[in-house]
Amino acid sequence: MGISSPALWTEFFERYYREEINKLAYKIKSGGDGRSIYVNFVKDLTIFQEGKLGEELIENPDEVLQHAEKGLANVTNIYGVSLEGCKPRFYSLPTARKVLIRDLRAQHIGKFVAVEGIVRKVTEVRPRIVEAAFACLNCGSINMVQQEDSQLRQPFECSKCHTKRLIFLPDSSVSVDSQRLKVQEYPENLRGGEQPQTIDVVLEGDLAGSVNPGDRVVINGIVRAKPRGLGQRKLTHMDLYLEGNSIEVLHQEYEEFEITEKDREMIMQLAMSEDIYGKIVRSIAPSIYGHEDVKLAIALQLFGGVPKKLPDGTEIRGDIHILLVGDPGVAKSQLLRYVHRIAPRSVYTTGKGTTTAGLTATAVRDEVDGRWTLEAGALVLADKGVALVDEIDKMRKEDRSALHEALEQQTISIAKAGINAILRARCALLGAANPKYGRFEKYTPIAEQIEMSPTLLSRFDLIFVLTDEPDEERDRKLVDHILQSHQLGEMVERAKNVSAEYSEDVIRAKAVRIEPEVNPELLRKYIAYARKTVYPILTDEAKKRIEDFYLSLRSRVKENSPVPITARQLESIVRLAEASARVRLSDRVEVEDVDRVIRIMEKSLMQIAVDPETGEIDIDLAYSGTSKRQRDRIMVIKKIIENLEPSYEKGVPEEEILAEAEREGIERSRAKEILSKLKQHGEVYTPRYGHYRLVTKV
Ligand code: ADP
Ligand code: MG
């Protein structure tokens, strides 16, 4: 026999929740929303009656929640308002009552549990009938029928006159707001391509509509089971779902990391070591040979810059976006997978996406109940972490257009049917792309090779091109490195499965080169710690250094020559330099940070933005695929057409244009190329074959 009774709950509320109850009564009196009292389980229910009442709530929630609701209704308040129908909601359950989604079992059915995860889908909020009214057409009496399932239950006959002619009265029925969520386990807890497990949650009353996709939440509620199958054909297999009693939205970043005093000591020691950058670089995918610049860039991405909100309300992202473009088989995918393992929080996906929501987010109509559902994609799920997107060049059209907003404003706006939402996507993106011609072509602009628009490309702080050009010295080392890894792997497997003929020492010696210098566990904590506690500030010297770099590049710009660097790169440098300071756990961004970043930035620019004709860095070339010189030539050609147009009513003959271009110093073949490009882009048209006219004046 339990101790729970409405009277005992009244006593509990009067003892611990007087003030809250008066506040609630005031809210009700003044017509405000909300009919809930929030009870802190750990704080109050583990003390009251030596925790017995709390235990009963967990073991027998259906009955005990009814007692609690009745008990609450009987509590007096200073406004004399009735608390009938107010809901007691319980949060902060003991850790022992927290269950992982993948561990939910038959034993939990009907019990009160806490489940933590990330909201993946929400339906729109719609009323659900809890008590349906049916009028008898014979005697006119109203029959009320309690509803539990999603299918409307009808009375068999009128309870008064026993005839069977009844009609449903929606307006006299009792409804509550209702919403369904899909909650998924944390993506960073999945290892090696596991499919995330999910649980459906039903929220009613004032809980409905209180969370968004991407939110990290604890749902406290009762585990329910529903037979599978539709309509009459129910199966004995059951689906579990949660009936939510309360939701806690988690706000803190990286709170899942417990950093002990011992950890802190190790982190401090590491931060002071001489070659901390090298150490971290050697701890990122050590089985992958080379790519040191990329690894350093990734390290900076993991630590991140400082997100800022300026006094005028402008928000500047601290997240660093990196794009790897390159030949097949150069370990792009491997790198991404490794980052997934060390990032404190990350989501791994491919451009094609594995869910309907793909990279960003989408609103779809539910096939079963016709309700609109908002589903979060990878970038929303990666909020406050890293989104790893392999084969990003294959992403869908919708994602392509949403990505601009997602990368710069770090939000995703959805406006469709009944759903209007702005979801947060405060993540850093690490993308990998394969050029569409199979191999990277040195002289073809990136924008063209991976079909990403120049504006989208310019959102990336760093773009690296990884090519696979034969180089005897490098190839020899690469082969050796890969074979060593395989040999080591073979020995470990043999020792594990057959016999230990290779001693630990032999294996250890082989492992040295392939083992991360800082173990992944510690590295994750180090990153989480730095992101949470280090907020560095630019020193005047560092500021000066950035200024000088920026101005010197700009000053190299001769009249009429390409603009090598824009304010976007300036912001990137600041972000990356802040990240570099964070690596040392330094509160100051020093000149050394700026130098480190300039070196990486120049390398990246040299790979993507050097005009092969002049050897100069040209940002336009990288992003738009058109260099300054090319643009000048385009202008010349257009001018030629414009000038000749009055003499040729049916279009200027190609031969005339080419001859004129030649006089202006543009080779015929090049001029021909430009003409066909202009036609492709709809800037000129051909009223007759081989005859050109401008679409708009120059
Ligand atoms: P990508 O995604 O660039 O096409 P993958 O990541 O699939 O390439 O790599 C192909 C294979 O080649 C992987 O098994 C990877 O480990 C190996 N590989 C390629 N480059 C290197 C390298 N530099 N060091 C070690 N292994 C490499
Ligand atoms: Mg790949």
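What counts and what doesn't
Residues numbered from 1 in each chain as written. Chains lettered and ligands numbered in written order. Predicted model: local features only at pLDDT ≥ 70, side-chain atom pairs only at ≥ 80, totals over all residues. Heavy atoms only, no water. Domains from an automatic or database assignment. Core = buried A, V, L, I, M, F, W, Y, C linked by side-chain atoms within 4.5 Å. Buried < 20%, exposed > 50% of the residue type's maximum accessible area, 1.4 Å probe, protein only. Helix = DSSP H or I, 4+ residues; strand = E, 2+ residues; numbered from the N terminus. Contact = heavy atoms within 4.5 Å. Phe/Tyr/Trp six-rings, centres within 6.5 Å; stacked < 30°, edge-to-face > 60°. Lys NZ or Arg CZ within 6 Å of the ring centre and 35° of its normal. Patch = residues over 30% accessible without salt bridge, like charges linked within 9 Å, V, L, I, M, F, W, Y side chains within 5 Å. Areas by Shrake-Rupley, 256 points an atom, 1.4 Å probe, with all protein chains shown as cover. Salt bridge = Lys/Arg side-chain N within 4 Å of Asp/Glu carboxyl O. Pairing = 2+ DSSP bridges. Polar contact = N/O pair within 3.5 Å; in protein donor to acceptor, adjacent residues only side chain to side chain. Axes fitted to C-alpha atoms, helices over the stretch in contact; angles between N-to-C directions. Parallel < 35°, antiparallel > 145°, perpendicular 65-115°, else oblique. Left-handed = near helix turned anticlockwise from the far one by under 90°. Nonpolar A, V, L, I, M, F, W, Y, C, P; charged D, E, K, R; others polar. Near = heavy atom within 4 Å.

A. Inspection of the domain arrangement of the protein at higher detail. For the protein, the assigned domains are domain 1 (6-92), domain 2 (101-250), domain 3 (252-616) and domain 4 (628-694). The C-alpha-based centres of domain 1 and domain 4 are spaced at 80 Å.

B. Seen up close, the nonpolar core. Core analysis: the largest hydrophobic core is formed by 125 residues, its most contacted members being L323 and L379. With eight residues, the single largest contributor to this core is helix α8 (residues 292-303). Mapped onto the domain boundaries, this core takes at least three residues apiece from domain 2 (101-250) and domain 3 (252-616). Beyond its immediate stretch of four places on either side in the chain, L379 contacts L359, A387, V389, L403, A406, I412, A425, C427 and L429. Membership of the second largest hydrophobic core comes to 31 residues, among which are L45, I58, L65 and L93.

C. Seen up close, the packing of aromatic side chains. With the rule as written, the count across this model stands at 14 aromatic pairs. Ring centres of F134 and F168 lie 5.4 Å apart, and the angle between their planes is 45 degrees; on these two criteria the pair is classed as tilted. Here the residue F134 occupies a position in strand β4 (residues 126-136), and F168 occupies one in strand β6 (residues 166-168), the gap between them amounting to 34 residues. Judged by its relative accessible area of 1%, F134 falls in the buried class. In this structure F168 comes out as partly exposed when scored by relative accessible area, which is 30%. Above the ring of Y241, the side-chain terminus of R180 is found at 5.7 Å from the ring centroid. Seen from the ring of Y186, R216 lies directly overhead, with NZ or CZ sitting 4.5 Å from the centre.

D. A look at a nonpolar patch on the surface. A grouping of Y26, I78 and Y79 is seen on the molecular surface, where their side chains present a nonpolar patch of about 340 Å² in accessible area. With respect to the element layout, Y79 can be found in the loop between α5 (61-73) and β2 (87-91). Looking at Y79, the relative accessible area reads 32%, which means it is partly exposed.

E. Examining the sheet that holds strand β25 (residues 684-688) more closely. The strand order β24-β26-β25 describes an open sheet built from three strands, whose pairing is antiparallel. Each edge of the open sheet carries a strand with a single partner, namely β24 (652-653) and β25. In this sheet, strand β26 (residues 691-694) lies alongside β24 in antiparallel orientation, the contact comprising two bridges. Counterpart to P653 in the pairing with β26 is H691.

F. Examining the side chain of T411 more closely. In this fold, T411 is placed in strand β18 (residues 411-416). Looking at T411, its side chain comes within polar contact range of the side chain of E405, at 2.8 Å. With sequence-adjacent residues up to four places away left out, T411 is seen in contact with E405, A406, I422, L423 and A425.

G. Focus on the environment of R341. Assignment of secondary structure puts R341 in helix α9 (residues 332-342). Remark: the alpha-carbon pair of R341 and H691, spanning 350 residues in sequence, is separated by 59 Å.

H. Geometry of the packing of helix α14 (residues 472-497) against helix α15 (residues 504-511). Look at α14 against α15: their axes get within 10 Å of each other, and the N-to-C directions meet at 155 degrees. The orientation of α14 with respect to α15, classified from their angle, is roughly antiparallel. Our pair here, α14 against α15, has a crossing hand that is left-handed. The residues of α15 that touch α14, namely those facing Q484, Q487, L488, M491, V492 and A495, are V506, I507, K510 and A511. For the contact of α14 with α15, the class distribution of residues is seven nonpolar, two polar and one charged.

I. Molecular detail of the site of ligand 1. As a structural note, the neighbourhood of ligand 1 is formed by 13 residues, with Y289, G329, K332, S333 and Q334 the closest of them. Between an oxygen atom of ligand 1 and a main-chain N or O atom of V330, the distance comes to 3.2 Å. Between ligand 1 and A331 there is a distance of 3.2 Å, counted from an oxygen atom to a backbone nitrogen or oxygen. The set of elements that each furnish at least two residues to the shell around ligand 1 consists of α9 and α14. The element contributing the most residues to the shell around ligand 1 is α9, with three residues.

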